[in-house]
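Read off the chains here:
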Amino acid sequence: MIKQNVCQILNELPNGVELVAAAKTRQPEEILAAVEAGVKIVGENYVQEAVRAYEVIGNKAKWHFIGYLQRNKVKKAVRLFDMIETVDSVEIAKEIDKRCAQIGKIMPVLIEINSGREKQKSGVFPEKTEQVVKEISTCPNIRIMGLMTMGPRFGNPEDSRPYFVETKKIFETIKKLNLPNVEMRYLSMGMTNSYKIAIQEGANIVRVGSKIFGERDYAKGQDEPS
Ligand SMILES: *Cc1c(COP(=O)(O)O)cnc(C)c1O
């Protein structure tokens, strides 16, 4: 099933749009099956799960961090991941910068936008984005490569569209500033129920979980800290 799902999604994706397989709660063997079917990027929400999966899959895929990054996990995260999609504060950026400096790595990151301005969710509020990007762009061991957003969860994916539109607008505004050390190349938006709409609104990274691996089994502890 995983193989057919991946093939179907990859066949339908427009050129230039990259698929991230959102792998939270999945077993390393399931993730490996997705990679063998053509997935090139694995997205992990938890550092500990990523370590387990990495032992099986290693460099057969690129690794994107897509969860909430705790400060005490940064040291491990910068060793394993090729991109951190969820940078949403100057504080966490400085920790990433410091840990990368220690291992001589430049970390590509996306700035996470809280496009729904939801108090309980992570991400930078739209109106704060420019200031946060400017501050983080001074970190020598970080390279800002674009923006990521989740947006509020809706039953009807069409309701997500305005949040994707707004994030794309911020993306273009920041791109026009031509800031040093900022290369606005990636816009990561859309999940299983909304990625087609996200692509229409300019996403070039989509993060898909359930449509690849099937429904998540919540009993396996999706929301447990790693
Ligand atoms: C779980 C998750 C996804 C994928 O969700 P699905 O609805 O299973 O496709 C995408 N992005 C992030 C940040 C996630 O945590």
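A short tour of the structure in this document, coming up. (Residues numbered from 1 in each chain as written. Predicted model: local features only at pLDDT ≥ 70, side-chain atom pairs only at ≥ 80, totals over all residues. Heavy atoms only, no water.)

### Things to note about the pairing of strand 6 (residues 142-149)
Along strand 6, seven of the eight residues are buried, which leaves the element largely enclosed by surrounding structure. Looking at chain direction, strand 5 (residues 107-113) and strand 6 are connected through seven bridges and run parallel. Residue pairing for strand 6: Pro108 is matched across the bridge by Arg143. With helix 6 (residues 129-136) bridging strand 5 and the parallel strand 6, this β-α-β connection has right-handed handedness. Strand direction decides the pairing type here: strand 6 and strand 7 (residues 182-189), joined by five bridges, are parallel. If you follow Ile144 over to strand 7, its bridge partner there is Val182. A crossover connection joins strand 6 to the parallel strand 7 through helix 7 (residues 161-177); in handedness this β-α-β unit is right-handed. (Buried < 20%, exposed > 50% of the residue type's maximum accessible area, 1.4 Å probe, protein only. Helix = DSSP H or I, 4+ residues; strand = E, 2+ residues; numbered from the N terminus. Pairing = 2+ DSSP bridges. Right-handed = clockwise from strand over helix to strand, strands pointing away.)

### Digging into helix 7
The first and last C-alpha atoms of helix 7 sit 25 Å apart over 17 residues, in line with the 24 Å expected at 1.5 Å per residue. Buried within helix 7 are the following residues: Phe164, Thr167, Ile170, Phe171 and Ile174. Taken end-on, helix 7 shows its buried residues confined to a sector of 120 degrees, consistent with a single buried face. Of the exposed residues in helix 7, the ones pointing more than 90 degrees away from its buried face are Lys169 and Lys176. Its buried side turned inward, helix 7 meets strand 5, helix 6, strand 6, strand 7 and helix 8 (195-200). Trailing helix 7 by a residue or two, Asn178 shows a phi angle of about 50 degrees, which is positive. (Expected span 1.5 Å × (residues − 1). Arc of directions from axis to C-beta. Contact = heavy atoms within 4.5 Å.)

### Remarks on helix 2 (residues 28-36)
Of all the positions in helix 2, only Pro28, Ile31, Leu32, Ala34 and Val35 are classed as buried. The arc that holds the buried residues of helix 2, viewed along the axis, is 160 degrees, so those residues lie on one side. What points out from helix 2, more than 90 degrees from its buried face, is the exposed set Glu29 and Glu36. The inward-facing, buried residues of helix 2 abut helix 1 (2-12), strand 2 (41-44), helix 3 (47-57) and helix 9 (210-213). Just past helix 2, the residue Gly38 takes up positive phi, approximately 125 degrees.

### Observations concerning the site of the ligand
Taken together, 14 residues sit near the ligand, with Lys24, Asn45, Thr192, Gly209 and Ser210 positioned nearest. Here Lys24 contributes a side-chain N or O atom positioned 2.7 Å from an oxygen atom of the ligand. Within the contact set of the ligand, an oxygen atom lies 2.6 Å away from a side-chain nitrogen or oxygen of Ser210. Calculation on the ligand without its partners gives an accessible area of 390 Å², and the protein chains cover 95% of this total. Judged by the fraction of its atoms near the pocket grid, the ligand is located in the largest pocket. Looking at side-chain class alone, the shell around the ligand contains six nonpolar, four polar and four charged residues. (Near = heavy atom within 4 Å. Polar contact = N/O pair within 3.5 Å; in protein donor to acceptor, adjacent residues only side chain to side chain. Areas by Shrake-Rupley, 256 points an atom, 1.4 Å probe, with all protein chains shown as cover. 1 Å grid on protein atoms, 1.4 Å probe; cavity = no way out; pocket = protein on both sides within 12 Å on 5 of 7 lines; lining within 4 Å. Sits in = over half its atoms within 2 Å of the grid points. Nonpolar A, V, L, I, M, F, W, Y, C, P; charged D, E, K, R; others polar.)

### Description of the pairing of strand 1 (residues 18-22)
Counted residue by residue, strand 1 has four buried out of five residues, so it is predominantly covered. Sheet topology note: the strand 1/strand 8 (residues 205-208) ladder contains four bridges and is parallel. Residue pairing across strands places Val20 opposite Arg207, the latter belonging to strand 8. Relative to strand 2, strand 1 runs parallel, the two sharing three bridges. Each bridged residue has a counterpart across the sheet, and for Ala21 the counterpart in strand 2 is Val42. Taken together, strand 1, helix 2 and strand 2 form a β-α-β motif whose crossover is right-handed.

### Observations concerning empty space enclosed by the protein
A water-sized probe rolled over the atoms picks out the places where empty space is left. Across all of its chains, the model carries one cavity of 30 Å³ or more by this definition. By volume, the largest cavity amounts to about 100 Å³. Around the largest cavity, the lining residues are Met150, Gly151, Pro152, Arg153, Phe154, Ser160, Phe164, Met191, Asn193 and Ser194. (Points joined across faces, edges and corners; volume = space filled by probe spheres on them.)

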